[in-house]
Amino acid sequence: MTKHRFLIAATLAAAVSAAAGAASAASNIAGPVGVPVTGHAVTFCTTGSLTNGTTVFDLGVLTDTTTGELKNNIAPVSKTLNGAICNTASTINVAAQPMTAQSFTIAPPSGFSRSVDYTATASGWTTTPAVYETSQTTNGGATQSRNSAFSGPITVTLSGFSTTGGSTLRLVSDPNYLGAIVVTLAAGN
Amino acid sequence: MVMKPLALAAIAAAALAAATGAQAQSPTSTANFTVTGSAPKICAISGPTLTNTNLVNIDSLDGTTLKISQLTDSTSLSTLPASAEVSFDAVCTYAHTITIQSLNNGLWRDGSTQAPQNGFADAVPWTGRLQWGSLNRTFTFGAQNRQIQSYPFAVASPNAGQLLLDISIQAGSTNAVANGPLLAGNYQDTIYVTLEPQ
């Protein structure tokens, strides 16, 4: 790109010079005039898109129907963002909210919980994946940096599901437990 | 000539945006996901266990059969007192109804379907107390008639823990006169404890 711009600049300078030469027949010689041509590539990042599937991790029934406790084998299929690009150094951040009952909104009775914690991991962008645990108040590993431009897939994985408040608590019945995950790519580090 | 590379750049950016779903060139880009699931209405109850509370004149809890040591007084031939507390581990994840049902409405002598005769009784009433969360209710299966008798109780919220059922037979209680003699035989009742989401 840099060479190409130089060539354009030379061509333009020649054109301008030729025009100036034509004008010189009727007036004093002026020029040559240099016309600098510059460009700027803006920094940008995109998380790309899912090439298949939806953005919803649908876990189905969360509880063991014989105990009312959270299943201990919840392991949803990962989702992959393809076409993620940052044209400069960047950071990746993952943030998540616990799954909470959307209909049962009051405080749960003793022995129950209305929330499920989990760990959201965004891997593939940085050597160390970005990890967010919804059970933690601080998540030092949620943001990871890389020092160069990069293009590649980002895999988002959910794991480590646990009942908020302790594994012996039961989940109150609710048709919709809902949580959210946000993966952010940002230029700079 | 100057415009051409700009145009090329714009086209490239547009193609990139189309390929990746990005809305515009920006130094920041986000991808949003949701995670969903459901917790169905569940009620579950374990088998009974015998506690040491109010344990009077009880031989054993054999599986699901509570055996009374001695139903009649050897002198009066009337009913001896007996009581027991039975515990169940239980859970309901939603508002629910708990129902105590007696198959016979008391302990009835096997094969007996007629009213007692000649001053003898052939059925023994029993009273119960149910403790389940904040619910604490008493009830009586009076043995007036041999029939199914049920007591449903509504519980407005989920509950989990020990369900306690106290079973008590009063001294001298029969389906005839108080302190009347019982006809010889095997007396029994079947109790159903049911938890059902509303």
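A. The arrangement of the overall build of chain B in detail. The number of helices and strands found in chain B is 1 helix and 15 strands. The contacts in chain B between residues at least 6 apart in sequence include a share of 76% that link residues at least 24 apart.

B. Representation of the sheet that holds strand β9 (residues 123-124) of chain B. All names here are of chain B. Strand order in this open sheet of 3 strands is β9-β8-β14, and the pairing throughout is antiparallel. This sheet does not close on itself; its edge strands, each paired only once, are β9 and β14 (187-188). Pairing analysis gives 2 bridges linking strand β8 (residues 107-109) to β9, with the strands arranged antiparallel. Bridge pairing in β9 links Leu107 to Val124.

C. Region of interest: unusual backbone geometry. Residues and elements named next belong to chain B. Phi angles above zero are rare outside glycine, and Asn105 is one such case at about 60°. Tracing the sequence through the fold places Asn105 in the loop between β7 (96-102) and β8. One non-glycine residue with positive phi stands out, namely Asn179, at about 65°. Take Asn179: it is sitting in the loop between β13 (159-169) and β14. A count of 15 C-beta atoms within 10 Å places Asn179 in the partly exposed class.

D. Highlighting the interface of chain A and chain B. Each partner contributes to the interface: chain A provides 54 residues, whereas chain B provides 34 residues. Looking at the side of chain A that touches chain B element by element, the count peaks at 14 residues for strand β14 (residues 174-187) of chain A. In terms of residue class, the side of chain A that touches chain B is made up of 30 nonpolar, 20 polar and 4 charged. Bridge count between strand β3 (residues 56-61) of chain A and strand β1 (residues 28-39) of chain B: 4 bridges; the pairing is parallel. Across the sheet, Phe57(A) pairs through a bridge with Val35(B), a residue of β1(B).

E. Just the environment of Phe44(A), in detail. For Phe44(A), the position within the fold is in the loop between α1 (2-23) and β1 (45-46). With 22 C-beta atoms packed within 10 Å, Phe44(A) lands in the buried category. Along the backbone, Phe44(A) and Asn87(A) are 43 residues apart, and their C-alpha atoms lie at a distance of 6.1 Å. Once residues within four sequence positions are removed from consideration, Phe44(A) is found in contact with Asn87(A), Ala187(A), Gln25(B), Ser26(B) and Pro27(B).

F. Representation of the nonpolar core within the structure. Counting residues in each nonpolar core, the largest one holds 52 residues, and the members touching the most others are Val94(A), Ala120(A), Ala122(A), Val156(A), Ile181(A) and Val183(A). Every residue in contact with Val183(A), bar those within four places of it in the chain, is listed here: Thr47(A), Ile92(A), Val94(A), Ala122(A), Ile154(A), Val156(A), Thr30(B) and Ala31(B). By size, the runner-up hydrophobic cluster in this structure holds 18 residues, among which are Ile68(B), Leu80(B), Ala84(B) and Ile169(B).

G. Representation of the pairing of strand β9 (residues 130-133) of chain A. All names here are of chain A. In the sheet, strand β8 (residues 115-123) pairs with β9 via 4 bridges, with the strands oriented antiparallel. Paired with Thr119 across the bridge in β9 is Glu133. Two successive antiparallel strands, β8 and β9, enclose a turn made up of 6 residues, where Gly124 displays a positive phi of approximately 105°.

Definitions and cut-offs
- Residue positions within a chain follow its written sequence, with the count starting from 1.
- Labels follow written order: the first chain is A, the first ligand is 1, and so on.
- Owing to the predicted nature of the model, reporting of local features is limited to residues with pLDDT of at least 70; listing and counting of side-chain atom pairs is limited to 80 or more, with chain, interface and lining totals taken over all residues.
- Only runs of H or I of at least four residues qualify as helices and only runs of E of at least two qualify as strands under DSSP, and these elements are numbered from the N terminus.
- By definition, residue pairs are in contact when their C-beta atoms, positioned from the backbone, come within 7 Å.
- Only when DSSP finds a minimum of two bridges between them are two strands counted as paired.
- We call a residue exposed when 12 or fewer other C-beta atoms sit within 10 Å of its C-beta, buried when the count reaches 20 or more, and partly exposed for counts in between; the C-beta positions come from the backbone.
- Following the grouping adopted for this structure description, the nonpolar residues are Ala, Val, Leu, Ile, Met, Phe, Trp, Tyr, Cys and Pro, the charged ones are Asp, Glu, Lys and Arg, and the polar ones are all others, Gly among them.
- Think of a nonpolar core as buried Ala, Val, Leu, Ile, Met, Phe, Trp, Tyr and Cys residues chained together by C-beta atoms that fall within 7 Å.

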